[in-house]
Amino acid sequence: MKYYSTKNKAYHVDLKAAVLKSLPPDNGLYMPEQINRLSDDFFKNLTQLSFQESSFQVAHNLMGDAVPSKDLQGIIDRAINFSAPLHQMTDDIYTQELWHGPSLAFKDFGARFMAELMSYLVKDDNEKLSILVATSGDTGGAVAAGFYGVEGIDVTILYPKGKVSPLQELQLTTWGGNIKALEIDGTFDDCQALVKAAFLDQEINAKRNLSSANSINIARLIPQSFYYFEAMKQLKNQDKPVVFSVPSGNFGNLTAGLLAKRMGLPVARFLAATNLNNIVPHYLATNDYAPRPSLQTISNAMDVGRPSNFQRMVDLYDDNWDRITRDIEGFYYSDEDTRFAVKYLQKAYDYIADPHGAIGFLALQQYLQDHPGHQGIFLETAHPAKFLPVMEPVLGEIPVPAALSDLRAKTSEAEAMSTEFAAFKAWLV
Ligand SMILES: *Cc1c(COP(=O)(O)O)cnc(C)c1O
């Protein structure tokens, strides 16, 4: 399989280049040249397949023979070693819990698969690979957990001081070994700008073999399509049309769902659920794409004003707005709505959802009101205990899993740094 740039379909590279370079030089995004329908047999047997077995078929379909089957199966077995269960609320409403991985967010799927795949791709290279990643919270924790102890790869995480939750911060700073955390005295955008500048700096690139673990890497997108199949397989009623409600920021999660549909998964509609950073819902309603600086909300993993995967979404539909809006409908909600939903889910269904999942619920509920005869799944993208400062004022104390509370006893280590590029550069070289 080759991967082309969304800015130039004639430019294509193999899997190793797409994964290790992350971005094509023209600033487009990599996409697989073919997205074939999976066979009728695959769908007929889906309910009999394990999560790892179906994931292998999906990955193989998007990667071709770039990785031999035996090695690919090994990568999947090691990376996808946790479940993605459905939890049913009503006849027609389910949530899929995507937080059963080590960092308790869906980003574990992408990060773990990418870590296994990168480590496989560089195993015969002599030079050490240095991963840089800017995080607003969940990405850094998932990437650290995925790459910790991986031979031949070191990871530098940049996070904005005081802008990630205390438990999220501990998920970045308590590793040691090949994982280093830099606490940047600035915003997430500043962190991102430092990483970008490092990639463009010739001196750094001459000294270090840099790669990126951000969400636009194709190696993070591919495994995110796995759990859509896993969700479908668990539905009690296999005949009612199904919609997926996807809490979205950079739209990697939703784009992976679109890939699943293109591979034949019978999804009636995707709901693009956002907070007040409603760039994509606005586009879907008006055909006007207007990125703007992001607003801060209580669902901060979705505070994105220029969604990076938008290019891929429109590419999948040849930029045809009529076709896109047939498959995706947009919804957006305020912080007040979000708090209401968190409270409502607990009251009505005795279910504690995080602020991002709660937005997914609101969109699904609204859609089902207008479309009787459908059923839907909202994705629960992180464990609620990752967001205690938001959750506790709404629900009081909530249970914290040991994977998080145990971090409080560990030594936290981060190097403080300004937003000046010179300091970051000196640190890197
Ligand atoms: C990253 C994240 C999102 C947004 O996912 P995208 O793929 O960027 O749209 C939603 N919820 C949580 C909890 C996240 O960490």
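Here's what I pulled together on the structure shown here. From a predicted model like this one, the values you see are computed outputs, not experimental measurements.

Parameters and conventions
- Residues numbered from 1 in each chain as written.
- Predicted model: local features only at pLDDT ≥ 70, side-chain atom pairs only at ≥ 80, totals over all residues.
- Heavy atoms only, no water.
- Helix = DSSP H or I, 4+ residues; strand = E, 2+ residues; numbered from the N terminus.
- Near = heavy atom within 4 Å.
- Polar contact = N/O pair within 3.5 Å; in protein donor to acceptor, adjacent residues only side chain to side chain.
- Areas by Shrake-Rupley, 256 points an atom, 1.4 Å probe, with all protein chains shown as cover.
- Nonpolar A, V, L, I, M, F, W, Y, C, P; charged D, E, K, R; others polar.
- Buried < 20%, exposed > 50% of the residue type's maximum accessible area, 1.4 Å probe, protein only.
- Contact = heavy atoms within 4.5 Å.
- Pairing = 2+ DSSP bridges.
- Right-handed = clockwise from strand over helix to strand, strands pointing away.
- Axes fitted to C-alpha atoms, helices over the stretch in contact; angles between N-to-C directions.
- Salt bridge = Lys/Arg side-chain N within 4 Å of Asp/Glu carboxyl O.
- Parallel < 35°, antiparallel > 145°, perpendicular 65-115°, else oblique.
- Left-handed = near helix turned anticlockwise from the far one by under 90°.

### A word on unusual backbone geometry
Not every positive phi belongs to a glycine, and Phe 251 is a case in point at roughly 65 degrees. Relative to the helices and strands, Phe 251 resides in the loop between strand 10 (242-247) and helix 12 (252-262). In this structure, Asp 318 is a non-glycine residue whose phi angle is positive, near 50 degrees.

### Re the site of the ligand
Neighbouring the ligand are 15 residues; Lys 107, Asp 138, Gly 249, Phe 251 and Thr 381 lie closest to it. Contact between the ligand and Asn 250: an oxygen atom at 2.8 Å from a main-chain N or O atom of the residue. Interatomic distance of 2.8 Å between a side-chain N/O atom of Thr 381 and a nitrogen atom of the ligand. Against a free-state accessible area of 390 Å², the protein chains account for coverage of 96% of the ligand. When the residues that make up the shell around the ligand are grouped by side-chain class, the tally is 6 nonpolar, 7 polar and 2 charged.

### Comments concerning the side chain of Ser 55
Relative to the helices and strands, Ser 55 resides in helix 3 (residues 51-63). Taking the relative accessible area as the measure of exposure, Ser 55 reaches 0% and is therefore buried. When neighbours within four sequence positions are excluded, Ser 55 is seen to be in contact with Ile 76 and Phe 226.

### Let's talk about the pairing of strand 8 (residues 179-184)
In terms of burial, strand 8 is largely enclosed, as 5 of its 6 residues are buried. Across 6 bridges, strand 7 (residues 153-160) lies against strand 8 in parallel orientation. Residue pairing in the sheet places Thr 156 in a bridge with Lys 180 of strand 8. The parallel pair strand 7 and strand 8, bridged by helix 7 (residues 166-173), forms a crossover whose chirality is right-handed. Note that strand 8 and strand 14 (residues 415-417) share 3 bridges and pair parallel. Residue pairing across strands places Ile 184 opposite Met 417, the latter belonging to strand 14.

### Some thoughts on the sheet that holds strand 3 (residues 30-32)
Across the sheet, 3 strands lie side by side as 2-1-3; this open sheet has antiparallel pairing. Edge positions in the sheet fall to strand 2 (8-13) and strand 3, since each has one partner strand and no second. When strand polarity is set aside, the average angle formed by the axes of neighbouring strands in this sheet is 40 degrees. The pairing of strand 1 (residues 3-5) with strand 2 spans 3 bridges and is antiparallel. What sits directly across from Ser 5, in strand 2, is Asn 8.

### As for the pattern of salt bridges
Close approach of charged atoms allows side chains of opposite charge to pair. Counted by the stated rule, this structure contains 14 salt bridges. For Asp 125, the salt bridge identified is with Lys 16, shortest N-O distance 3.2 Å. Of this pair, Asp 125 sits in the loop between helix 5 (107-121) and strand 6 (129-134) while Lys 16 is found in helix 1 (residues 15-21), placing the two residues 109 residues apart along the sequence. Of the residues examined, Asp 125 reaches a relative accessible area of 34% and is grouped as partly exposed. For Glu 116, the salt bridge identified is with Arg 78, shortest N-O distance 3.0 Å. With a gap of 38 residues between them, Glu 116 in helix 5 and Arg 78 in helix 4 (residues 69-79) connect regions that are remote in the sequence. Because the salt bridges share partners, they merge into one network encompassing Lys 9, Asp 315, Asp 318 and Arg 323.

### Looking at the environment of Val 280
Relative to the helices and strands, Val 280 resides in helix 13 (residues 279-286). On the basis of relative accessibility, which here comes to 1%, the residue Val 280 falls in the buried class. In this structure, the C-alpha to C-alpha distance between Val 280 and Ser 215, residues 65 residues apart in sequence, is 17 Å. If sequence neighbours within four positions are ignored, Val 280 has contacts with Phe 251, Ala 272, Pro 307, Phe 310 and Met 313.

### Regarding the packing of helix 11 (residues 226-234) against helix 12
Closest axis-to-axis distance for the helix 11/helix 12 pair is 8 Å, and the angle between their directions is 65 degrees. As the angle between them shows, helix 11 and helix 12 are arranged roughly perpendicular. Once helix 11 is placed against helix 12, the crossing between them reads as right-handed. For the pair formed by helix 11 and helix 12, the contact residues are Tyr 227, Tyr 228 and Phe 229 on the first element and Asn 253, Leu 254, Ala 256, Gly 257 and Ala 260 on the second. For the contact of helix 11 with helix 12, the residue count by class is 6 nonpolar, 2 polar and no charged.

### Section: the side chain of His 356
Examined against the element boundaries, His 356 turns out to sit in helix 17 (residues 355-370). The class of His 356 is buried, set by a relative accessible area of 2%. There is a polar contact of 3.1 Å between the side chain of His 356 and the backbone nitrogen of Ala 301. With near-sequence residues (within four places) excluded, His 356 lies in contact with Pro 247, Ser 299, Asn 300, Ala 301, Met 302, Thr 381 and Phe 387.

So, to be careful, I would describe these as geometric facts and stop short of saying anything about function.
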